[in-house]
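If you want the building blocks of each chain, they are given just below.
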Amino acid sequence: MTAVAPHFDAVIHPPPRLQICGLLAAVDTMEFATVRDRVGVSDSVLSKHVKQLEEAGYVQVSKATVASRQRTSLSLTRTGRRAFEAHVAELRRIAGL
């Protein structure tokens, strides 16, 4: 991880979005259902948060057909990764860590 300037990001800050970004920061891609289960929200709640992150350019949503079933996967964009790192750096700065 390269050093980023601490920056509070209101798009990322709500707890479910912070959790989503944290999960996606650790992987290249993650299935929607896995993110939903790990964050502990319904499909509709996750969809709303993902939409906000997608509109900010932070998350990419990909759909594919696997074994005749539609699969949705999520990944952080480069912009999203930098924004998440800067937000976490700001939280650490605020907490004095």
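Quick notes on the rules
Here, residues in each chain are numbered from 1, in the same order as that chain's written sequence. Where totals are concerned, whole chains, interfaces and linings use all residues; where local detail is concerned, this predicted model gives features only for residues with pLDDT of at least 70, and gives and counts side-chain atom pairs only at 80 or more. Note that water and hydrogens are dropped before the side-chain values are worked out from all heavy atoms of the structure. A fitted line through C-alpha atoms serves as each axis, taken over the contacting stretch for helices, and the angle formed by two N-to-C directions is quoted from 0 to 180°. To qualify as a helix, a DSSP run of H or I must reach at least 4 residues; to qualify as a strand, a run of E must reach at least 2; elements of each kind are numbered from the N terminus. Note that the term roughly parallel is reserved for angles under 35 degrees, roughly antiparallel for angles over 145, roughly perpendicular for angles of 65 to 115, and oblique for everything else. What makes two residues a contact is simply this: any of their non-hydrogen atoms within 4.5 Å. Classes in brief: Ala, Val, Leu, Ile, Met, Phe, Trp, Tyr, Cys and Pro nonpolar; Asp, Glu, Lys and Arg charged; the others, Gly included, polar. Should DSSP find at least two bridges between two strands, the strands are regarded as paired.

- In the annotation of an unreviewed UniProt entry, the protein chain is listed under the name Transcriptional regulator and assigned to Geodermatophilus arenarius.

**Re the packing of helix 2 (residues 32-39) against helix 3 (residues 43-55)**
For step 1, the next point in the chain: Packing of helix 2 against helix 3 leaves a shortest axis separation of 10 Å and a crossing angle of 105 degrees. As far as their axial angle goes, helix 3 and helix 2 are roughly perpendicular. Between helix 2 and helix 3, the residues in contact are Phe32, Val35 and Arg36 and Asp43, Leu46 and Ser47, respectively.
For step 2, the next point in the chain: When the residues that make up the contact of helix 2 with helix 3 are grouped by side-chain class, the tally is 3 nonpolar, 1 polar and 2 charged.

**Quick look at the sheet that holds strand 2 (residues 59-66)**
For step 1, the next point in the chain: Here we have 3 strands laid out as an open sheet, ordered 1-3-2, and antiparallel in their pairing. Two strands in the sheet have a free side with no partner beyond their single neighbour: strand 1 (30-31) and strand 2.
For step 2, the next point in the chain: Looking at chain direction, strand 1 and strand 3 (residues 69-76) are connected through 2 bridges and run antiparallel. Its bridge partner being in strand 3, Met30 is matched across the sheet by Leu74.

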